[in-house]
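Here is what each chain is made of, one letter per residue.
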Amino acid sequence: SQKIEQNSEALNIQEGKTATLTCNYTNYSPAYLQWYRQDPGRGPVFLLLIRENEKEKRKERLKVTFDTTLKQSLFHITASQPADSATYLCALDKAAGNKLTFGGGTRVLVKP
Amino acid sequence: GAVVSQHPSRVICKSGTSVKIECRSLDFQATTMFWYRQFPKKSLMLMATSNEGSKATYEQGVEKDKFLINHASLTLSTLTVTSAHPEDSSFYICSARGPGLAGGGIINEQFFGPGTRLTVL
């Protein structure tokens, strides 16, 4: 069966360091992979989308990699700040216009 | 970016009553809206996909007669939880995707509402 796995344990990190989150998937051939941020009691907010033919995408302090051979995406927050504390979700989209399937999310806590 | 609103943000109701949740795309036309359910510390589970002017497509295991979805216009979709029971208590989130947004929006980007916390007593 199809699975999307994120580290369920919270990631505690010191301010200024780089946080690295993983998203692994099995039995999937996604055309896109997306990362979202969710704060408690709020809906997810879109951060980055990476296509299957792209290896890396950057947006400000965020970087996403996509390895379709390893079936894995890495999400990096560089120079982390306490305001980056949130839950980060990866989501797979099989093809244009298709529905998203979300991973369980990883909570990040950046300590000052 | 595009804005999606939900109303109400919180609702408490008695068991057996029905509750309607609205999802609106405020500055774009949403041909497709999605309804999700989220339990505490769990991920979003897709309940149904709603296309404007047609019947919603429900995910396996979701009772369509219990969770009524209407997408009557390009900016509004509603989810009605009928005969609600305590086990229906959850965080319900909608998202909207347009056909293509002004300013070069990504076609597959979904914009999420802030969610509705439903508590059934």
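Above this text is the structure in question.
Residues numbered from 1 in each chain as written. Chains lettered and ligands numbered in written order. Predicted model: local features only at pLDDT ≥ 70, side-chain atom pairs only at ≥ 80, totals over all residues. Heavy atoms only, no water.

(A) Up close: the side chain of His76 of chain A. Residues and elements named next belong to chain A. Secondary-structure assignment places His76 in strand 8 (residues 72-77). Side chain to side chain, His76 and Thr20 meet in a polar contact 3.0 Å long. Apart from the residues lying within four places of it in its own chain, the contact partners of His76 are Thr18, Ala19, Thr20, Arg61, Leu62 and Lys63. (Helix = DSSP H or I, 4+ residues; strand = E, 2+ residues; numbered from the N terminus. Polar contact = N/O pair within 3.5 Å; in protein donor to acceptor, adjacent residues only side chain to side chain. Contact = heavy atoms within 4.5 Å.)

(B) Summary view of the state of the cysteines. Residues and elements named next belong to chain A. This structure, assessed with the given rule, holds two disulfides over all chains. What pairs with Cys23 in a disulfide is Cys90, and their sulfur atoms sit 2.0 Å apart. The sign of the S-S torsion, about 65 degrees, decides the handedness of the disulfide formed by Cys23 and Cys90: right-handed. On the criterion of sequence distance, the pair formed by Cys23 in strand 3 (residues 19-26) and Cys90 in strand 9 (residues 86-93) is long-range, its members being 67 residues apart. (Disulfide = S-S within 2.5 Å.)

(C) Quick peek at the pairing of strand 5 (residues 44-51) of chain B. Residues and elements named next belong to chain B. Of all eight residues in strand 5, six are buried, a share of seventy percent or more. As paired elements, strand 4 (residues 32-38) and strand 5 share seven bridges and run antiparallel to each other. Paired with Tyr36 across the two strands is Leu46, which belongs to strand 5. Hairpin geometry of strand 4 and strand 5 is characterised by an intervening segment of five residues between the two adjacent antiparallel strands and by a positive phi of about 60 degrees at Lys41. When strand 5 meets strand 6 (residues 57-58), the two strands line up antiparallel, connected through two bridges. (Buried < 20%, exposed > 50% of the residue type's maximum accessible area, 1.4 Å probe, protein only. Pairing = 2+ DSSP bridges.)

(D) Expanded view of the sheet that holds strand 8 (residues 76-81) of chain B. Residues and elements named next belong to chain B. The four strands are arranged 1-3-8-7 in an open sheet whose pairing can be described as antiparallel. The open sheet has two free edges, formed respectively by strand 1 (4-7) and strand 7 (67-73), since each of these has just one partner strand. Between one strand axis and the next, the sheet turns through 15 degrees on average, direction left out of account. Pairing analysis gives five bridges linking strand 7 to strand 8, with the strands arranged antiparallel. In the strand pairing of strand 8, Phe67 is matched with Val81. (Axes fitted to C-alpha atoms, helices over the stretch in contact; angles between N-to-C directions.)

(E) Geometry of the nonpolar core. Membership of the largest hydrophobic core comes to 25 residues, with the highest contact counts inside it found for Val4, Phe28, Trp35, Leu79, Tyr92 and Leu118 of chain B. Broken down by secondary-structure element, the contributors of at least two residues to this core are strand 2 (10-13), strand 3 (19-25), strand 4, strand 5, strand 7, strand 8, strand 9 (90-97) and strand 11 (116-120) of chain B. In this structure Leu79 of chain B touches Val19, Lys20, Ile21, Trp35, Phe67, Leu68, Ile69 and Tyr92 of chain B, once residues within four positions along its chain are discounted. Within the second largest apolar cluster, 23 residues are counted, among which are Cys23, Tyr28, Val108 and Val110 of chain A. (Core = buried A, V, L, I, M, F, W, Y, C linked by side-chain atoms within 4.5 Å.)

(F) Representation of the pairing of strand 6 (residues 56-59) of chain A. Both strand 6 of chain A and strand 7 (residues 62-67) of chain A contribute to a ladder of four bridges, which runs antiparallel. Counterpart to Arg58 of chain A in the pairing with strand 7 of chain A is Lys63 of chain A.

(G) Examining unusual backbone geometry more closely. Of note, the bond from His7 of chain B into Pro8 of chain B is cis; its omega dihedral lies within 30 degrees of zero at 0 degrees. The residue Pro8 of chain B is located in the loop between strand 1 and strand 2 in this model. Of note in the backbone geometry, Glu60 of chain A takes a positive phi value of approximately 55 degrees without being a glycine. The class for Glu60 of chain A is exposed, based on a relative accessible area of 80%. At Ala79 of chain A, a residue that is not glycine, the phi angle is positive and equals roughly 45 degrees. When you line up the elements, Ala79 of chain A lands in the loop between strand 8 and strand 9. Since its relative accessible area comes to 38%, Ala79 of chain A is described here as partly exposed.

(H) Spotlight on the interface of chain B and chain A. Each side of the interface is counted separately: chain B has 17 residues, and chain A has 22 residues. Approximately 1500 Å² of surface area, both sides summed, lies buried where chain B meets chain A, with 55% of it carried by carbon and sulfur atoms. Applying the counting criterion to the chain B and chain A interface returns one salt bridge. Inspection of the chain B/chain A interface yields four residue pairs in polar contact (both at pLDDT 80 or more). For the side of chain B that touches chain A, the secondary-structure elements that each account for two or more residues are strand 4, strand 5 and strand 9 of chain B. Grouping the amino acids of the side of chain B that touches chain A by side-chain chemistry returns nine nonpolar, five polar and three charged. (Buried area = accessible area lost by both parts, 1.4 Å probe. Salt bridge = Lys/Arg side-chain N within 4 Å of Asp/Glu carboxyl O. Nonpolar A, V, L, I, M, F, W, Y, C, P; charged D, E, K, R; others polar.)

Honestly, it's all geometry; don't read function into it.
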